[in-house]
Number of protein chains: 4
Amino acid sequence: MTMGEERYRLLMACPDERGLIHRVSGVLAQAGANIVAFDQHSEGLGGHFFMRSEFDARTGTDARIRKDMESLSRNVPMQWRLTKAHQRQRLAVLVSRESHCLQELAWQTGRGDIDADIAVVISNHAEIGELAQSYSLPFYYVPVAKGQKSESERQILDIVANYQIDTIVLARYMQILSADFVSRFPSRIINIHHSFLPAFVGANPYLQAYRRGVKLIGGTAHYVTEELDQGPIIEQDVHRVDHRHQLADYKRIGRHVERMVLARAVNWHVSDRVLPFENRTIVFPI
Amino acid sequence: MTMGEERYRLLMACPDERGLIHRVSGVLAQAGANIVAFDQHSEGLGGHFFMRSEFDARTGTDARIRKDMESLSRNVPMQWRLTKAHQRQRLAVLVSRESHCLQELAWQTGRGDIDADIAVVISNHAEIGELAQSYSLPFYYVPVAKGQKSESERQILDIVANYQIDTIVLARYMQILSADFVSRFPSRIINIHHSFLPAFVGANPYLQAYRRGVKLIGGTAHYVTEELDQGPIIEQDVHRVDHRHQLADYKRIGRHVERMVLARAVNWHVSDRVLPFENRTIVFPI
Amino acid sequence: MTMGEERYRLLMACPDERGLIHRVSGVLAQAGANIVAFDQHSEGLGGHFFMRSEFDARTGTDARIRKDMESLSRNVPMQWRLTKAHQRQRLAVLVSRESHCLQELAWQTGRGDIDADIAVVISNHAEIGELAQSYSLPFYYVPVAKGQKSESERQILDIVANYQIDTIVLARYMQILSADFVSRFPSRIINIHHSFLPAFVGANPYLQAYRRGVKLIGGTAHYVTEELDQGPIIEQDVHRVDHRHQLADYKRIGRHVERMVLARAVNWHVSDRVLPFENRTIVFPI
Amino acid sequence: MTMGEERYRLLMACPDERGLIHRVSGVLAQAGANIVAFDQHSEGLGGHFFMRSEFDARTGTDARIRKDMESLSRNVPMQWRLTKAHQRQRLAVLVSRESHCLQELAWQTGRGDIDADIAVVISNHAEIGELAQSYSLPFYYVPVAKGQKSESERQILDIVANYQIDTIVLARYMQILSADFVSRFPSRIINIHHSFLPAFVGANPYLQAYRRGVKLIGGTAHYVTEELDQGPIIEQDVHRVDHRHQLADYKRIGRHVERMVLARAVNWHVSDRVLPFENRTIVFPI
């Protein structure tokens, strides 16, 4: 990057048509941008077009680019978004008893492997506070009493608003969020499910996997939608098990799969590498 | 192996109790056997015990071992089996239109990577005959006309009997076998299902996987039981896919996963490395 | 693709500078092209820029694109190449005793998984002829007598010329080609080495791996350069081994790794997805 | 485990001969042991025999087993070892600037995923002290001044003696230990090397890997012997990279491979699952 420049990211999704790359790269060329990454996916004419570009341009050029993109979008029904790479996303991490995913996220955000900040940790288990404290992270204990879920969710909403949260990460948060809550954060809540979805939806996936006698266990990071465990999948991975592994081993091995899968998904999400489309995701990973 | 010796395999499953390894290894020691492989799995007292041993012993010693195992099994309610390693299993391979799994099995049995012989190929598609012929394998065209399934199954049963088949391999055979047929071959029919079971049971698993937007596609080799795609899993594997892959790519990539998974499962089965138990398998792989 | 259109591929490599994507996509927009794939890699200003685009355009438009690319390259010192996707590359497959890689290539080209044709098979082992014949592939037996290597290479050159070969694949060909031979086919000879390079360069890599006690064995497909096993790597993969595996098992397992790695590398190469640069490769895989 | 019982582990290595399993399982049967795991590996007559058994027996029975094993070993030149499973090994973790491996070990020992205790952390970088403290681990800063290596090693030896250390883990410790130091701890020092050995021995393996253009990067955990990076390998793993990954990405991705590989190796080592033999290891993993 040259002095006086900033790094930007431009995301775009629209019906595919001829000349799109030329037109959008024209906007960037006019702004004197230097493109450092340019990924696109096209379903072909009649389908959709998706693009992510990362580029360096003089500070302030974003105003011009915004204007030009607005012009462009007058003719093509497109969704687009321009972000500044140095503006790190602010995460709220929700966690229940199992702390390994929080730990991994604290660690990777702390050392810069994930380019985001954990702004606040929220748990329905008070003892998580100690771990949050050891990483100097603000912590809120929000218990979920029977029949008081909406009250708990209201508290969480307040915290999320106060801390100006960009993305909510359910890092083994074992409460099911209401449809109302979820609908406020489209493609902004990421969950880790401890199975290879769509196998073993719902409760106790490791026990389900053990009973079915599978030879690989997995983890799935996905955007949360109103239907449980049905949202667009961002990342999945698996690990081999065999007859010697008991349920406790499934959980031990699975913990490592879960935290790696979730960390990758969050990393891609906060660097604008994930474009949800219908119930799938386009991911331009690094 | 010394001159005048043969290689044997002894399989055993029974409720676990103290001293089992000592007693069964005593049977082998008495017979002057040299154990070259000894695998066991114990669930602990109150659970089950599984064992596989491969050993060299003088030809004819098997009579003595059988007698001693019978004595042993008078006190412990066990299942056991003694086989001769050089007696290669005889396979019937059933296949529909997709020939890649047949091809892999023909190849690996042909070059000795799988220690078994394809004794006969059966298909409901006549054009498979040409491929069978290119490997000099006996071929039977058994069409499955609407409402004539039981007639077709009768023909298959005759062929299987005539060719003295040990194991039936469904190598992308797209017909559902009747419960009556299946019940005649307990743990002797192996199927390859083109998904990571239990995800995407039934028809068109790749299309199901594509629609769900999974990031890994898989294949599952399992014993066939009366319930579709519910039998004990022998082996599974997966391969990564992303948004660039269309349904045709899923099928192309999946073909390679399927044939590798099926070949491994058949290889372990014919070398007595798979012990089904309830709806799971104990596999001692190589 | 619309009636009257063809699919083309445009490859490009040059020093990175601002506006490149806009200019090259301009050439395509002017030609009325519909871009179906667009991959680029930039090292940033001061580094290099690499691009691959696949697009549909009216038959004959290629003349115009060529002219425009020539204009473009007058200002930027670039290498570029325009190919027609339907013109399948013609392969010469060289093989010694081990036939599994030839078999895999014959199979995958035959069923269209690799978009190329094996035009001729050449071996220093006469018995490979039978396998070539079973796939109806022209076969030449070119023995390599001691001290007669240059004569053998001359024969191979003649065959390669006669069959208008695009790419030579060394599918477990155990002869070392002379520097003179290699220099005639820059980035047009692909070799499979049966180890995870740069570990175990040279002869008997599985024996070397066995002796070192590694826990993973691998295969490496690379372009052949004048230095043995030192050319740009296209693809690598590994498989787990443990203490139970003897040298014969390494070879058995390795065969499956080798043929998959080589098949992927050839597939990417013939669809113009591999751009060698210095001693590395940029690969835009599918 | 029944009341009044303890879990033991018996390890054994000797030249293979007939009847070994029967004799050693006889020792256990006489002691009234209940075998819960029994793994063996035989190279066949003329080769070696390796065994690991885990069993429950009445507290105090170990005296009898020791006596019987001594008798047994009078006739067969064997090495054997009996350990109590509940006696957790005490680890000294040596680390330089990069703390991720220490962090993973602290975490996994802390939550019981690795059945051992970090008794002390030693570093030639003072700032590691803070991390050690956050896990309440004793910490020693032992700088290595130029020409003062032997003095530093003397300090480390003192600490290791004082803390009654069973195993030394080099968790990205960038100092080369002297042959004299190493020879005091045969098969008791584990190192993580940040490459897929034997590729990229020595300094800067990620830079070496980057320059060679490999498609997979790896990590290797091995016992330390007097020759640098040449000791018996315990565990290895790899992760895919491509042209988009810069050296910093290699390091970021590699960190995750390294800590997982090292954690698995330490886990197997402390649960007596690794038997080094010549320059290889027999590993009975879980």
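Calculation criteria
Residues numbered from 1 in each chain as written. Chains lettered and ligands numbered in written order. Predicted model: local features only at pLDDT ≥ 70, side-chain atom pairs only at ≥ 80, totals over all residues. Heavy atoms only, no water. Helix = DSSP H or I, 4+ residues; strand = E, 2+ residues; numbered from the N terminus. Rg over C-alpha atoms; globule rule 2.2 N^0.38 Å. Buried < 20%, exposed > 50% of the residue type's maximum accessible area, 1.4 Å probe, protein only. Areas by Shrake-Rupley, 256 points an atom, 1.4 Å probe, with all protein chains shown as cover. Lys, Arg positive; Asp, Glu negative; His and termini not counted. Charge placed at Lys NZ, Arg CZ, Asp CG, Glu CD. UniProt positions renumbered as here; feature names shortened; annotations may be inferred. Domains from an automatic or database assignment. Contact = heavy atoms within 4.5 Å. Buried area = accessible area lost by both parts, 1.4 Å probe. Salt bridge = Lys/Arg side-chain N within 4 Å of Asp/Glu carboxyl O. Polar contact = N/O pair within 3.5 Å; in protein donor to acceptor, adjacent residues only side chain to side chain. Nonpolar A, V, L, I, M, F, W, Y, C, P; charged D, E, K, R; others polar. Least-squares fit on C-alpha atoms with pLDDT ≥ 70 in both. Pairing = 2+ DSSP bridges. pLDDT = per-residue confidence, 0-100. Arc of directions from axis to C-beta.

(A) Main features of the overall build of chain A. Along the backbone of chain A there are eight helices and 13 strands. For chain A, whose C-alpha radius of gyration is 21 Å, the value lies close to the compact-globule estimate of 19 Å for 286 residues. Counting only C-alpha atoms, chain A reaches 60 × 40 × 35 Å along its principal axes. Across the 286 residues in chain A, those meeting the buried criterion constitute 60%. Surface summary for chain A: the accessible area is close to 11,300 Å², and the carbon and sulfur share equals 48%. Charged side chains of chain A number 34 positive and 33 negative; the gap between the two group centres comes to 3 Å.

(B) Representation of the UniProt feature "domain: ACT" (unreviewed entry) in chain A. The residues that UniProt annotates with the feature "domain: ACT" (unreviewed entry) are residues 9-90 of chain A. Between the C-alpha atoms that bound residues 9-90 of chain A there is a distance of 17 Å. The span itself is 32% helix and 43% strand.

(C) Spotlight on the domain arrangement of chain A. All names here are of chain A. In terms of domains, chain A is made up of domain 1 (5-84) and domain 2 (89-283). Placing the centre of domain 1 and that of domain 2 at their C-alpha centroids yields a distance of 31 Å. Between domain 1 and domain 2, the contact holds 12 residues from the first and eight residues from the second. For the pair domain 1 and domain 2, the summed buried surface comes to about 830 Å²; carbon and sulfur atoms form 58% of the total. Counting across the domain 1 and domain 2 interface gives three salt bridges. Note that Arg-273 is salt-bridged to Glu-54, the shortest N-O span being 4.0 Å. Joining domain 1 to domain 2, the criterion identifies five residue pairs in polar contact (both at pLDDT 80 or more). Residue assignment for the side of domain 1 that touches domain 2 shows that the elements contributing at least two residues are strand E1 (5-15), strand E3 (48-58) and strand E4 (79-84). Among the elements that take part in the side of domain 1 that touches domain 2, E3 stands out by supplying five residues, more than any other. Considered class by class, the residues forming the side of domain 1 that touches domain 2 number four nonpolar, three polar and five charged.

(D) How the structure looks around the relation of the copies chain C and chain A. Note on the copies: chain C fits chain A at an RMSD of 0.0 Å, the axial shift is 0.0 Å, and the rotation between them is 180 degrees. Both copies are brought into coincidence by an operation consistent with a two-fold rotation axis. Looking at the rotation axis and the C-alpha trace of chain C, the residue lying nearest is His-22 of chain C, at 2.7 Å. Interface overlap between copies is the fraction of interface residues in one copy that are interface residues in the other; for chain C against chain A it reaches 100%, indicating a shared surface.

(E) Region of the structure containing the environment of Glu-153 of chain C. Residue and element names in this part refer to chain C. Structurally, the position occupied by Glu-153 is in helix H5 (residues 149-162). In this structure the C-alpha to C-alpha distance between Glu-153 and Ile-217, which are 64 residues apart in sequence, comes to 32 Å. Not counting residues up to four positions away in its chain, the partners in contact with Glu-153 are Ile-176, Leu-177, Ser-178 and Phe-181.

(F) The interface of chain B and chain A, seen in detail. In this complex, chain B contributes 33 residues to the contact, which on the side of chain A involves 33 residues. When chain B packs against chain A, close to 2,900 Å² is buried across both sides, 52% of that on carbon and sulfur atoms. When the buried area of chain B at its contact with chain A is split by residue, Arg-212, His-243 and Arg-280 of chain B rank highest and sum to 28% of it. Taken together, the connections running from chain B to chain A amount to four salt bridges.

(G) Local environment of the pairing of strand E1 (residues 5-15) of chain B. Residue and element names in this part refer to chain B. Of all 11 residues making up E1, nine are buried, and the element is well covered by its neighbours. Bridging between E1 and strand E3 (residues 48-58) involves 11 bridges; their strand directions are antiparallel. Within E3, the residue paired with Met-12 across the bridge is Met-51. Looking at chain direction, E1 and strand E4 (residues 79-84) are connected through six bridges and run antiparallel.

(H) The confidence of the model for chain A, seen in detail. Looking at chain A as a whole, the pLDDT averages 95, with 100% of positions reaching at least 70. Complex prediction metrics read pTM 0.96 and ipTM 0.94.

(I) The relation of the copies chain B and chain A, seen in detail. For the pair chain B and chain A, the best superposition has an RMSD of 0.0 Å and corresponds to a rotation of 180 degrees with a translation of 0.0 Å parallel to the axis. Of all interface residues in chain B, 100% are interface residues in chain A too; the two copies therefore contact each other through one and the same surface.

(J) Expanded view of helix H7 (residues 205-212) of chain A. Those residues of H7 of chain A not exposed but buried are Pro-205, Tyr-206, Ala-209 and Arg-212 of chain A. Summarising the axial view, the buried residues of H7 of chain A lie within an arc of 130 degrees, below the 170-degree limit, and thus occupy one face. Lining the buried residues of H7 of chain A we find strand E9 (189-193), strand E10 (216-223) and helix H8 (247-270) of chain A together with strand E11 (233-240) of chain B. Gly-213 of chain A sits one or two residues past H7 of chain A and shows a positive phi near 75 degrees.

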